[in-house]
Amino acid sequence: MKTDRRRMLKAGGFALALTGLGLAGHLKARDSYGAMPSLAGASQWLNSPPLDAPGLKGKVVLVDFWTWDCINCRRSLPHVNDWARRYADQGLVVVGVHTPEFDYEHDVATLRDKVARLGIGYPVAVDNDYKVWNAWGNQFWPAHYFVDRKGQVRHVHFGEGDYGGQEQVIQALLDEKG
């Protein structure tokens with residue numbers, strides 16, 4: 001299964017377009033990608049008690065799929081950390097979903113250390129069994145899913161870049177009435 005994931009990552013958007021799996025299969029702009037999928041598959045949580053979609057309604061949510069040894073994730077984390085701090089008082093909740101790519105990334109003690117060293121203060125779901133990853137139909141690291149106050153996924157971004165555009169999505173969702 002890991003080999004399949006790596007193959008998908010190498011094939012990039014082409015494989016994604018062919019598979020059309022879950023939320024990750026939707027690349028066109030639209031009003032909604034549907035209701036926020038479950039976070040229930042996390043084996044444990046860092047920095048927070050377990051979170052779920054019903055408990056997050058009324059908040060704007062950024063779900064960030066990442067893994068600590070991914071260079072693209074490490075480049076995007078400063079932006080995610082900044083958004084988490086700057087927009088928390090306006091209703092943004094950032095949820096990191098740590099889904100390991102490599103076997104050594106499954107070690108929760110090492111993950112705790114990395115979370116501390118990277119300055120991540122927001123909730124992190126430990127997704128060592130890929131249950132959250134699969135529930136969301138995700139295929140990429142990093143992957144950002146933006147959820148509105150009504151619990152609808154409204155925007156997705158895969159990989160690095162377009163930080164200004166992603167921040168505009170956050171601002172627009174925060175400006176909307178729930």
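Residues numbered from 1 in each chain as written. Predicted model: local features only at pLDDT ≥ 70, side-chain atom pairs only at ≥ 80, totals over all residues. Heavy atoms only, no water.

- The protein chain has the name Thioredoxin domain-containing protein in an unreviewed UniProt entry, where Pseudomonas putida is given as its organism.

## Some details on the confidence of the model for the protein chain
Phase 1: In the predicted model, the protein chain carries a mean pLDDT of 87, and the fraction of residues at 70 or more is 83%.
Phase 2: Of the regions scoring below 50 in pLDDT, residues 1-29 engages in 48 contacts with residues more than four places distant in sequence or in other chains. (pLDDT = per-residue confidence, 0-100. Contact = heavy atoms within 4.5 Å.)

## Points about the sheet that holds strand E5 (residues 143-147)
Phase 1: If you trace the 6 strands from one edge of the open sheet to the other, you get E1-E4-E3-E2-E5-E6, paired in mixed fashion. Edge positions in the open sheet fall to strand E1 (44-46) and strand E6 (153-158), since each of these has one partner strand only. Along the sheet, successive strands turn relative to each other by an average axial angle of 20°, direction set aside.
Phase 2: Bridge analysis of strand E2 (residues 60-66) against strand E3 (residues 92-98) gives 7 bridges, and the strand direction is parallel. Pairing of Val-63 across the sheet is with Val-95, part of E3.
Phase 3: Across the sheet, helix H4 (residues 71-87) lies against E2, E3 and E5, angled at about 160° from E2, the strand it touches most. (Pairing = 2+ DSSP bridges. Helix = DSSP H or I, 4+ residues; strand = E, 2+ residues; numbered from the N terminus. Axes fitted to C-alpha atoms, helices over the stretch in contact; angles between N-to-C directions.)

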